[in-house]
Amino acid sequence: MRHTVSALVENKPGVLVRIAGLFARRGFNIESLAVGPTEKPSISRMTIVVDVADRPLEQVSKQLNKLINVLKVSDLKASEAVERELSLFKVSAKPETRAEVVEIVDIFRAKIVDASRDELIIEATGTEDKIAAIENMLAPYGIREMSRTGKIALARGGRKTED
Amino acid sequence: MKMTGAKALVKSLENEGVKHIFGYPGGRLISVHHELHESKKIQHLLMRHEQVAAHAADAYARATGKVGVCMATSGPGATNLVTGIANAYMDSIPMVAITAQVGSMDIGTDAFQEADITGITLPIVKHSYLVKDATEIPRIVKEAFFIASTGRPGPVLIDLPSDMSMSQIEYDPDPEMSLPGYKPTFKGNNRQVKAAAKMILASQRPVIYAGGGVILSNAAPELTKLAHVTRIPTTTTLMGKGAIPEDDELSLGMLGMHGTAYANHAISNSDLIIAIGARFDDRVTGKLSTFAPHAKYIHIDVDPAEIGKNVKVDVPIVGDAKQIVAALVKEIKDDMAKLEKLPWAPWHDQIVAWKKKHPLTYKSEGELLPQYVIEQIYEATKNLDAVITTGVGQHQMWAAQFVKTLKPRTFISSGGLGTMGFGVPSALGAQVGRPEAVVFDIDGDGSFQMVSQDMATATAYDLPINICILNNQWLGMVRQWQELFWDKRYAYTDLTPGMPDFMKLAEAYGAQGIRITKPAEVMPAIKRAIKSKRPCILEFVITGEQGVFPMVPPGKGLQDMIYEQPEPQKGGS
């Protein structure tokens, strides 16, 4: 079972290692982790996707909440949150296949952000499923390299993570 | 007011009411010791090993309820504190550890005596600081003491690069804390308190299971009152000893692996366990799946993460034990008074029967036995203002069994981490914190040898600690496991080769040495030690074959307890 945990933390040195260390120490496996500033410069948001197959999520949130630099922890359910990932694919695109690759880019509303003689760099955003789908479609042409951000998320509607 | 960071640190510590620091100097820490030397409010005690400094600060906190402070230099000084910090963390002891660090510009260059101590200690501190701006020193010290001593207490580390302690800053005597993410729950939810009272009244075989949280929150009077008002039998953990006087008729003594048979039977047959400031540690529960199979749970703890961690709880109450137990007494008092007869009167009869059938006892054939020694130490100190500390091993468990702890903060032992060598440092720390008290360290020959160098500290500061070495010439607890579970292959537990002459050792450190070999010599020796008001080593020469019983074998349930020492097998091969 996987969960998306959103944590608001003080933007201070060492906070990331405290959180990552806690997950490791308490036996939880982090699948992805994204950190960035929020609307308040003193606060960062961490979005952590965690596999909680063996241990209840409640223990993770409680232990996270105990860290002095952690302000708020919430479990974001997919149906109640907007979740996005950003990914970059460097794909082989020889003149004979380039048109097909461009078509895939259009279907997924992705973007070509760099082009060279034999390769394109494609930027795609979306849910995890969408990223997986475009990856799947691009694979036959040869994905030379890829980079993914890890998931970021916000609660839908008027609800704030702090609430 | 302009001053150095080091001086600002000392002034900030003075502001927190610090009277004693246990420490050890070193290159990067000189500037701090330089200023400490001039302080009129703080006494710095020079230990002989940093680990001892940390344990002494820990025990000082346990004995006094104040925050203990230890201090060491960068690199090896800091890493030598690690065991002591881990010990304080496991037992939730309020402590501030201050380490020096190489200069800010040298961090990360593998400089001489550099160790990433904030990194190393990350899993064993409640919080830590690496000072990056000397003007923040007063605020950091204030926050460190606040964090260490509130909520679930624990150790806080301050790592101070040498350029920070030497730079000139404007000292702020009243800094403002900035801890937006730290809000420990204090007051328990009233509805939950009512639900707990209702559940207690509906029970038939209730047991109170009190842990170190009761001692830490100074809730022993409230806990004892709760037991008296409700007439509920009460067992404590090793850390909870003193939560209720152990000579009280409601006390069941300690539960768990080496707990009393009647405490373990009570738990196993209970229909309601009221856990207060306790965390269902494996040494308490044995095999978790067979622990208290018929019981519901009320769990009172200041740390929400403890609720439901090991057992499923029916009524959780998060907050300070002192406040919640007082509220519970208030809630239940009138209803208890209205009862025509005690619903758990038959339960009491059952427990009395268990107490009769399986008392805490031992068999003696006239030889000097450790249990007898400990009983005599208890008899000699029970009417005194006394503190008992222990090392870790068999002697510790015998002490837990045969010292009846009558008051909180008078039994000091390493629980969660089980740190051998805790005895001498904890005696030192307790004696510094409680100068009027008679302090006895019940120790083992193995435990003592880990820290014997700090007898020098006792002599240097005239600390009249009484170190009682129960010398069976074995690493006795491991030996006991080898005897019972590892085919009697006594691998590397025989301490006979190289065993020092403890009387000469006492003499070498300027302490009094008394060797005791017969039961009749025990009480006179203890009395002589108390009277001497000097550091004293009492060596009790005991047999090596004595085991700690009852014992719940590792991995087994409390029901599978071995009640007493198995008879030695006679004859045959």
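Since this is a predicted model, take the numbers as computed values, not measurements. Along each chain, residues carry numbers from 1 onward, in the same order as the chain's sequence is written. Chain labels run from A onward and ligand labels from 1 onward, assigned in the order the entries are written. The predicted origin of the model limits local features to residues at a pLDDT of at least 70 and limits the giving and counting of side-chain atom pairs to 80 or more, whereas totals for whole chains, interfaces and linings rest on all residues. Based on all heavy atoms of the structure, the side-chain values leave hydrogens and waters out of the count.

Caption draft 1: Structural context of the interface of chain B and chain A. Of the residues lining the interface, 19 residues belong to chain B; the matching set on chain A comes to 17 residues. Here, a salt bridge means any Lys or Arg side-chain nitrogen found within 4 Å of an Asp or Glu carboxyl oxygen. Between chain B and chain A we count 1 salt bridge in total. Between A:Lys66 and B:Asp303 there is a salt bridge whose closest N-O contact spans 2.5 Å. Polar contacts here mean pairs of N or O atoms no more than 3.5 Å apart (in protein, one a potential hydrogen donor and the other a potential acceptor; neighbouring residues in sequence count only if both atoms are side-chain atoms). Remark: the boundary between chain B and chain A carries 5 residue pairs in polar contact (both at pLDDT 80 or more). Lys, Arg, Asp and Glu make up the charged group, whereas Ala, Val, Leu, Ile, Met, Phe, Trp, Tyr, Cys and Pro make up the nonpolar group; the residues left over, Gly among them, are polar. Of the residues contributing to the side of chain B that touches chain A, the split by class is 10 nonpolar, 4 polar and 5 charged. We call two residues in contact whenever any of their non-hydrogen atoms come within 4.5 Å of each other.

Caption draft 2: Spotlight on the domain arrangement of chain B. All names here are of chain B. Parsing chain B into structural domains produces domain 1 (2-170), domain 2 (190-357) and domain 3 (370-546). At the interface, 9 residues of domain 1 touch 6 residues of domain 2. Counting the surface lost from both domain 1 and domain 2, the interface buries some 580 Å², and carbon and sulfur atoms represent 60% of this. Interface area lost by domain 1 to domain 2 is led by Met 90, Asp 91 and Arg 152, which between them contribute 63%. Between Arg 152 and Asp 303 there is a salt bridge, with its nearest N and O atoms 2.8 Å apart. The residue inventory of the side of domain 1 that touches domain 2, partitioned by class, reads 4 nonpolar, 2 polar and 3 charged. Where each domain starts and ends comes from a domain assignment, either automatic or drawn from a database. What gets called buried area is simply the loss in accessible area from a 1.4 Å probe that two parts show on being joined, summed for both.

Caption draft 3: Highlighting the nonpolar core. Residues and elements named next belong to chain B. By nonpolar core is meant a set of buried Ala, Val, Leu, Ile, Met, Phe, Trp, Tyr and Cys residues that side-chain atoms within 4.5 Å join together. Only protein chains enter the calculation, and the probe is 1.4 Å; a residue is then buried if its accessible area is under 20% of its type maximum, exposed if over 50%, and partly exposed in between. Core analysis: the biggest nonpolar cluster contains 59 residues, and Ile 200, Ile 276 and Ile 298 have the highest contact counts within it. Examining the composition of this core, we find that 7 residues originate from one element, helix H14 (residues 321-338), more than from any other. When sequence neighbours within four positions are dropped, the list of residues in contact with Ile 276 reads Ile 208, Tyr 209, Ala 210, Gly 211, Val 214, Leu 223, Leu 226, Ile 300, Ala 321 and Val 325. Membership of the second largest hydrophobic core comes to 53 residues, among which are Ala 54, Ala 56, Cys 70 and Met 95. Helix numbers and strand numbers start at the N terminus; a helix is a DSSP run of H or I with at least 4 residues, a strand a run of E with at least 2.

Caption draft 4: Representation of helix H9 (residues 190-201) of chain B in the model. Residue and element names in this part refer to chain B. Take the number of residues in a helix, subtract one, and multiply by 1.5 Å to get its expected span. Taking 1.5 Å per residue as the helical rise, H9 with its 12 residues ought to reach 16 Å, and the 17 Å between its terminal C-alpha atoms agrees with that figure. Along H9, the residues classified as buried are Val 193, Ala 196, Ala 197, Met 199 and Ile 200. Buried residues of H9, viewed axially, fall in a sector of 165 degrees; they line one side. Relative to its buried face, H9 has exposed residues pointing more than 90 degrees away, namely Arg 191 and Lys 198. Next to the buried residues of H9 lie strand S12 (272-276), strand S13 (296-301), strand S14 (315-318) and H14. A distance of 2.8 Å separates the backbone nitrogen of Arg 191 from a side-chain oxygen at the start of H9, and that oxygen is part of Asn 189. The arc in question is traced by the directions running from the helix axis to the C-beta atoms.

Caption draft 5: Spatial organisation of the packing of helix H16 (residues 370-381) of chain B against helix H23 (residues 519-532) of chain B. All names here are of chain B. Contact geometry for H16 and H23: axes closest at 10 Å, N-to-C directions at 40 degrees. Viewed along their axes, H16 and H23 adopt a mutual orientation that is oblique. Considering how the two elements wind past one another, H16 and H23 form a crossing that is right-handed. Counted together, Tyr 372, Val 373, Gln 376, Ile 377, Glu 379, Ala 380 and Thr 381 of H16 and Pro 519, Val 522, Met 523, Ile 526 and Ile 530 of H23 form the full contact between these two elements. Under this scheme, a helix contributes an axis fitted over its contacting stretch, all axes are lines through C-alpha atoms, and angles between N-to-C directions fall in the 0 to 180 degree range. Orientation categories follow fixed angle ranges, with anything under 35 degrees roughly parallel, anything over 145 roughly antiparallel, 65 to 115 roughly perpendicular, and all other angles oblique. Each crossing gets its hand from how the near helix is turned against the far one by less than a right angle, where anticlockwise is left-handed and clockwise is right-handed.

Caption draft 6: Representation of the domain arrangement of chain A within the structure. Residue and element names in this part refer to chain A. Taken domain by domain, chain A comprises domain 1 (2-76) and domain 2 (82-152). Taken together, both faces of the contact between domain 1 and domain 2 bury some 470 Å²; the carbon and sulfur share is 45%. The tally of links between domain 1 and domain 2 comes to 1 salt bridge. A salt bridge links Arg 2 to Glu 128, with the nearest nitrogen and oxygen atoms 2.7 Å apart. Inspection of the domain 1/domain 2 interface yields 3 residue pairs in polar contact (both at pLDDT 80 or more). If you list the elements that add at least two residues to the side of domain 1 that touches domain 2, you get strand S1 (2-10), strand S2 (29-37) and strand S3 (43-51). The residue inventory of the side of domain 1 that touches domain 2, partitioned by class, reads 4 nonpolar, 3 polar and 1 charged.

Caption draft 7: Quick peek at helix H11 (residues 220-230) of chain B. Residues and elements named next belong to chain B. Listed in full, the buried residues belonging to H11 are Ala 220, Glu 222, Leu 223, Thr 224, Leu 226, Ala 227 and Thr 230. Of the surrounding elements, those touching the buried residues of H11 are strand S9 (206-210), helix H10 (212-216), strand S10 (234-236), S12 and H14. Of the residues trailing H11, Arg 231 is marked for its positive phi of about 55 degrees.

Caption draft 8: Representation of the sheet that holds S14(B). Residue and element names in this part refer to chain B. Strands sit in the order S11-S10-S9-S12-S13-S14 across an open sheet of 6 strands; the sheet is parallel. Sheet topology places strand S11 (251-254) and S14 at the edges, where each strand pairs with a single neighbour. Averaged over all adjacent pairs, the angle separating strand axes in this sheet is 15 degrees, with direction ignored. By the convention used here, strands pair only if DSSP detects at least 2 bridges between them. In this structure, S12 lies alongside S13, joined through 5 bridges in parallel fashion. By the bridge assignment, Leu 272 is partnered in S13 with Lys 296. Of the strands in this sheet, S9, S10 and S12 touch H11, which is tilted by about 170 degrees from S9.

Caption draft 9: Layout of the pairing of strand S3 (residues 43-46) of chain B. All names here are of chain B. Two strands pair when backbone bridges link them, and strand S2 (residues 20-23) and S3 are joined in this way by 4 bridges, in the parallel orientation. Residue Phe 22 lies in a different strand from S3, and its bridge partner there is Leu 45. The handedness of a crossover follows from its direction of travel: if, with the strands pointing away from the viewer, the path from the first strand over the helix to the second runs clockwise, the crossover is right-handed. Since S2 and S3 lie parallel, the crossover through helix H2 (residues 30-36) that links them has a hand, and here it is right-handed.

Caption draft 10: Fine view of the sheet that holds S1(A). All names here are of chain A. With respect to topology, 4 strands assemble into an open sheet ordered S2-S3-S1-S4, the strand pairing being antiparallel. The open sheet is flanked by S2 and strand S4 (70-76), the only strands paired with a single partner. Neighbouring strand axes in the sheet, compared pairwise and without regard to direction, differ in orientation by 20 degrees on average. The sheet contact formed by S1 and S3 spans 9 bridges and is antiparallel. Within the sheet, the bridge partner assigned to Val 9 lies in S3 and is Ser 44.

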